[in-house]
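A closer look at the structure
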Protein chains: 2
Amino acid sequence: MRKETAEEKRQRLLGLAKASLSDVYSGSEHSIAQAIASYNELEKTRNLVHEKLEEWYGIFFPELKLSNQLTYARFVAEFGADKKAAAADDLAKLLGTAADAVSRQAAQSIGREPTAEEFEQLRALAQLEVSIADTQAMLDKYLDSSTKKLMPNITYLIDYKVAAELLGRAGSLGKLATMPSGTVQLLGAEKALFKHIKFGTKPPKYGTLFKLQQVGGAGRRERGRIARIYATKIAIAARADAITKNFIADKLKEQIDKAISMQREHPPRPDCPGTAPVGGNGWKSRPQRQGNQHGFRPNRPRRYNRR
Amino acid sequence: MRKETAEEKRQRLLGLAKASLSDVYSGSEHSIAQAIASYNELEKTRNLVHEKLEEWYGIFFPELKLSNQLTYARFVAEFGADKKAAAADDLAKLLGTAADAVSRQAAQSIGREPTAEEFEQLRALAQLEVSIADTQAMLDKYLDSSTKKLMPNITYLIDYKVAAELLGRAGSLGKLATMPSGTVQLLGAEKALFKHIKFGTKPPKYGTLFKLQQVGGAGRRERGRIARIYATKIAIAARADAITKNFIADKLKEQIDKAISMQREHPPRPDCPGTAPVGGNGWKSRPQRQGNQHGFRPNRPRRYNRR
């Protein structure tokens, strides 16, 4: 067999590198990470567009207050041209029980009607907001089905959007599966974590996990402990999803419920701001953390092992 | 005539207040201010959406680099499902001369094709970007016609979008017309101005006016002077637009051209960073500004009248 020239070798190795790169991106996990990032970005975007729409249409109908932003946008697109002329039926279809109040407000409004040109712009903005929301709904549906396929265990334990965000922050399912639970707990809290390490501020108790209704909706004192409980089980579920492919989430779910009810029986002492080990047998008192009134000492790095 | 009761008086005065409020918002100037704000917001929004789209589609076609963001979005929407199958004619219609290079890149791409589900999401994002751009184009057209109608003098001197932004920042045409030219020059530079007053940083030389091609495109040393020249004439044009309604912009334009050519004959001394009065007869040397290495002294307010 003749010896490979340098150029041939280069081409062969380049081919191998390309193939392995293609391989890394062959699964659906990168698309899931992109989808959740896009979803969150669109949520921001839609809010920005809505802000402008409400500010602008506020010139013409300052009395209109609707709690649902999309309903507001649909109102502008449908009835913005002449708010007083809106038919009661159509209004009721869009606004439900609020229709009467709105039509009374429209009759007494101090705002003029927009000109045809102005309304054209307003309608375009309103329709844009609606189509952003439609795109979001589509991404949401995609996330729902694809995360449940890729991560049956994790999505059994927690909301699929939070699962997708954890995946996105970890980089890939393989990486998420090799993370210790403490890292999973603080995914998304990197900034607060490094501020803690560098300046001795309070350590974060949760990152992305705060978006879980079970964590964010819990009392201030127990949130950290509940995030901790979820993180331990998510880390185990990730290993099942990435490696063994077994379904063990029902057992994990039971364990979570048990741990949470256990920590509710041993609540933190009201005068202690920290977290306690779940089911621990009492509290050691800790020395007060040093720092200025904001709990933070600029320019003076904290020793990493100081308690 | 019987005397008004307190309640009747209250109602009458409320009616008057409402009427005067309606009156303030009766003109087109508030819509113009809203339109330019929305336009700028949509520009930001479109960039955010594009970023996500390029990041996501980058998984499937990392080699694709198109300088025009909208062309990129259109490419994804049309050919994203199967980049290799794109017909040469269709590609050429969208990409022009770049079509050949792109189709060669597509044939050798290391990215896989997106699944049907993934492509659905990508196409939705791409179409969203296109419709944001369409809304922008609509707002642009509206701004063009409405500013030229409201401010014939100012828009004769400067770009209509910059004129709209000045109007928006001033609040109304009446307010813009009563502003001294120095205020017009610094509209949009409020933050830098107050930083200058409070901390003694360098004073700003232009705000929104920097967006004028004639100012932003000029050399670093003459920008401030050119902004100054434009501001003086815009202030006069605003008075004509708001009060006398005469068309004097052609004369102002001549004066601007003359002043600029004059300041080109008397350029600033190369070692002096400040601005000189246009056509002034030489330079006084000024004492060096005090401050730390960043040219700014925190927590030590500058005396307002110190030079």
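Refer to the structure printed above.
As a starting point, this report considers the structure included with it. Chains are numbered independently. Their residues run from 1 in the order of the written sequence. Note on labels: chains are lettered from A, ligands numbered from 1, in written order. Two thresholds apply to this predicted model, a pLDDT of at least 70 for residue-level local features and 80 or more for giving and counting side-chain atom pairs, whereas whole-chain, interface and lining totals are computed over all residues. Note that water and hydrogens are dropped before the side-chain values are worked out from all heavy atoms of the structure.

In this section: the packing of aromatic side chains. Aromatic rings from Phe, Tyr and Trp, taking only the six-membered ring of Trp, are treated as a pair when their centres fall within 6.5 Å; an angle between ring planes under 30 degrees marks them as stacked, one over 60 as edge-to-face, and anything in between as tilted. Under the criterion given, the structure shown has 16 aromatic pairs over all chains. Between the aromatic rings of Tyr57 of chain B and Phe60 of chain B, the centroid separation amounts to 6.4 Å while the plane-to-plane angle is 50°, which identifies the pairing as tilted. One exposure class covers both Tyr57 of chain B and Phe60 of chain B, and it is buried. Measuring from centroid to centroid gives 5.2 Å for Tyr206 of chain B and Phe210 of chain B, while their planes differ by 35°, and the two rings are tilted. Each residue gets one of three labels from its accessible area relative to the maximum for its type: buried under 20%, exposed over 50%, partly exposed in between, using a 1.4 Å probe on protein chains only. Residue Tyr206 of chain B is classed as buried on the basis of its relative accessible area of 19%. An aromatic cluster of three or more residues is present, and its members are Tyr57, Phe60, Phe61, Tyr72, Phe75 and Phe79 of chain A.

Here the copies are superposed with least squares, the fitted atoms being C-alpha atoms of residues at a pLDDT of at least 70 in both. If you rotate chain B by 180° and push it 0.0 Å along the axis, it lands on chain A with an RMSD of 0.1 Å. Viewed as a symmetry operation, the transformation between the two copies matches a two-fold axis. Within chain B, the C-alpha atom positioned nearest to the axis of rotation is that of Thr45 of chain B, 2.9 Å from it. Any two residues having at least one pair of non-hydrogen atoms within 4.5 Å are treated as being in contact. Both copies share a contact surface, since 100% of the interface residues of chain B are interface residues in chain A too.

Our next topic: a positive patch on the surface. Residues and elements named next belong to chain B. Here the term patch refers to residues with relative accessible area over 30% and no salt bridge, with like charges joined within 9 Å and nonpolar side chains (Val, Leu, Ile, Met, Phe, Trp, Tyr) within 5 Å. Note on areas: Shrake-Rupley, 1.4 Å probe, and residue coverage restricted to the protein chains presented here. Any carboxyl oxygen of Asp or Glu within 4 Å of a side-chain nitrogen of Lys or Arg constitutes a salt bridge here. Working convention for charge: Lys and Arg count positive, Asp and Glu count negative, and His plus the chain ends are omitted. A single reference atom marks each charge: NZ on Lys, CZ on Arg, CG on Asp, CD on Glu. Together, Lys202, Lys205, Arg220 and Arg221 make up a region of like positive charge exposed at the surface. Note on conventions: DSSP H or I runs of at least 4 residues are helices, E runs of at least 2 residues are strands, and numbering of each starts at the N terminus. Relative to the assigned elements, Arg220 resides in the loop between helix H12 (213-216) and helix H13 (223-244). Residue Arg220 is classed as exposed on the basis of its relative accessible area of 69%.

What follows is about the interface of chain B and chain A. With 40 residues of chain B in contact, the opposing surface of chain A contributes 40 residues. Around 3700 Å² of area is buried between chain B and chain A when both sides are counted, 63% of it from carbon and sulfur atoms. Buried surface area refers to the total accessible area, computed with a probe of radius 1.4 Å, that the two partners give up upon joining, counted for both partners together. The largest contributions to the chain B side of the interface with chain A come from Gln34, Trp56 and Ile110 of chain B, which together make up 16% of the buried area. Applying the counting rule to chain B against chain A returns 0 salt bridges. In protein, a polar contact requires one atom able to donate a hydrogen and another able to accept it; more generally it is a pair of N or O atoms within 3.5 Å, and residues adjacent in sequence count only if both atoms are side-chain atoms. If you look at where chain B meets chain A, you find 13 residue pairs in polar contact (both at pLDDT 80 or more). Broken down by class, the residue content of the side of chain B that touches chain A amounts to 18 nonpolar, 14 polar and 8 charged. Charged residues are taken to be Asp, Glu, Lys and Arg, nonpolar residues to be Ala, Val, Leu, Ile, Met, Phe, Trp, Tyr, Cys and Pro, and polar residues to be all remaining types, Gly included.

Okay, the pattern of salt bridges next. Side-chain pairs of opposite charge can arise whenever the charged atoms involved come near each other. Residue and element names in this part refer to chain B. Applying the stated rule across the entire model yields 25 salt bridges over all chains. Between Asp140 and Lys161 there is a salt bridge whose closest N-O contact spans 3.4 Å. Here the residue Asp140 occupies a position in helix H6 (residues 116-150), and Lys161 occupies one in helix H8 (residues 160-170), the gap between them amounting to 21 residues. Given a relative accessible area of 23%, Lys161 falls into the partly exposed group.

With that settled, consider H8 of chain B. Residues and elements named next belong to chain B. Counting buried positions along H8 yields 8 of 11 residues, so the element is predominantly enclosed. Every buried residue of H8 is accounted for by Tyr160, Val162, Ala163, Ala164, Glu165, Leu166, Leu167 and Ala170. The secondary structure elements touched by the buried residues of H8 are helix H2 (29-57), H6, helix H7 (152-157), helix H9 (173-177), helix H10 (181-186) and H13. Capping the start of H8 is the job of one residue whose side-chain oxygen sits 3.2 Å from the backbone nitrogen of Lys161: Asp159. Phi turns positive, to about 110°, at Gly171, one or two residues after H8.

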